[in-house]
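The chain contents come next:
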Amino acid sequence: MAPASRLLALWALAAVALPGSGEEGDGGWRPGGPGALAEEERCTVERRADLTYAEFVQQYAFVRPVILQGLTDNSRFRALCSRERLLASFGDRVVRLSTANTYSYQKVDLPFQDYVEQLLHPQDPTSLGNDTLYFFGDNNFTEWASLFRHYSPPPFSLLGTAPAYSFGIAGAGSGVPFHWHGPGYSEVIYGRKVLYFPDRWWHATLNLDTSVFISTFLG
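Residues numbered from 1 in each chain as written. Predicted model: local features only at pLDDT ≥ 70, side-chain atom pairs only at ≥ 80, totals over all residues. Heavy atoms only, no water.

## Here's the deal with the confidence of the model for the protein
Caution applies to low-pLDDT regions: their predicted coordinates should not be interpreted in detail.
So, point 1. When pLDDT is averaged along the protein, the result is 79, and 80% of the positions lie at 70 or above.
So, point 2. Between the elements of the protein, mean pLDDT differs from a low of 34, seen in strand E2 (residues 12–15), to a high of 96, seen in helix H4 (residues 83–90).
So, point 3. Low pLDDT, under 50, characterises residues 1–23; the stretch is placed with 94 contacts to residues that sit more than four places away or in other chains. (pLDDT = per-residue confidence, 0-100. Helix = DSSP H or I, 4+ residues; strand = E, 2+ residues; numbered from the N terminus. Contact = heavy atoms within 4.5 Å.)

Okay, here's the thing in structure tokens:
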């Protein structure tokens, strides 16, 4: 059985590696390998597996973070995000990479396969954000539609907002320094990640392993 989805609802996430081994467990992305970062001993963000929409709005949506478990089944989407399948389906597609500094000033376009095979490696801890290029956001949703149609987004929405996806793949040690934007969810498909993004609050992201992730921004 596929592992339960672990989602961040509106403010913070401490997601851990999903269990399993081999292509089925890690999708060929080899989390926990050289360059992986140690995880903090404990996470203070509350986890809920039985949350109703009313409780979500009253207790969390505008107040504090929560990790939602078991709300969606994205086992099919996860299988399609394995290294082998993504390279087979999208290897020749041109993707846009962004620098990891706060405002992602630099953009570089190159084939997805070149990014995975040549640039997707652990981040040198001495490197600056503007020296790091990785794939997140700036997706061509027409070209990636065959993948995204298999994704089941979190069911809890906020009144007056519409969801927008941001799909990404990044090496261990990469991330984005402090920045802010509106509320949203982040689901780690493969890997581990620590994110903090309250609505209009400053937050940063750090990929502890090679990570495949998708964020749903509510705007």
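## Overview of the nonpolar core
So, point 1. Leu86, Phe112, Trp144, Leu147, Phe167 and Ile169 are the most contacted members of the largest nonpolar core, which has 31 residues in total.
So, point 2. Those residues in contact with phenylalanine 112 that lie beyond four places of it in its chain are Leu86, Leu87, Phe90, Gly91, Arg93, Val95, Phe135, Trp144 and Ile169.
So, point 3. Phe56, Ala61, Val66 and Leu158 belong to the second-largest nonpolar core, a separate cluster that totals 10 residues. (Core = buried A, V, L, I, M, F, W, Y, C linked by side-chain atoms within 4.5 Å. Buried < 20%, exposed > 50% of the residue type's maximum accessible area, 1.4 Å probe, protein only.)

## Here we look at the pairing of strand E8 (residues 163–170)
So, point 1. Sheet analysis places strand E7 (residues 133–136) next to E8, joined by two bridges and oriented antiparallel. By the bridge assignment, phenylalanine 135 is partnered in E8 with isoleucine 169.
So, point 2. Pairing of E8 with strand E13 (residues 211–218) involves eight bridges; the strand directions are antiparallel. Note that in E13 the partner of serine 166 across the bridge is serine 215. (Pairing = 2+ DSSP bridges.)

## Topic: the side chain of threonine 72
So, point 1. Assignment of secondary structure puts threonine 72 in the loop between strand E4 (66–69) and helix H3 (75–80).
So, point 2. The class of threonine 72 is buried, set by a relative accessible area of 13%.
So, point 3. Within the structure, threonine 72 has its side chain in polar contact with the side chain of asparagine 74 (distance 3.4 Å). (Polar contact = N/O pair within 3.5 Å; in protein donor to acceptor, adjacent residues only side chain to side chain.)

## Considering the pattern of salt bridges
So, point 1. Taken as a whole, this structure holds five salt bridges when the rule is applied.
So, point 2. As a salt-bridge pair, glutamate 55 and arginine 48 come within 3.4 Å of each other at their nearest N and O atoms.
So, point 3. A salt bridge links aspartate 109 to arginine 96, with the shortest nitrogen-to-oxygen separation between them at 2.8 Å. Placement of the pair is aspartate 109 in strand E6 (residues 107–111) and arginine 96 in strand E5 (residues 94–99), with a sequence separation of 13 residues.
So, point 4. A residue is classified by how much of its surface remains accessible, and arginine 96, at 35% relative accessible area, is partly exposed.
So, point 5. Several salt bridges converge on common partners, so that one network encompasses Arg48, Asp50 and Glu55. (Salt bridge = Lys/Arg side-chain N within 4 Å of Asp/Glu carboxyl O.)

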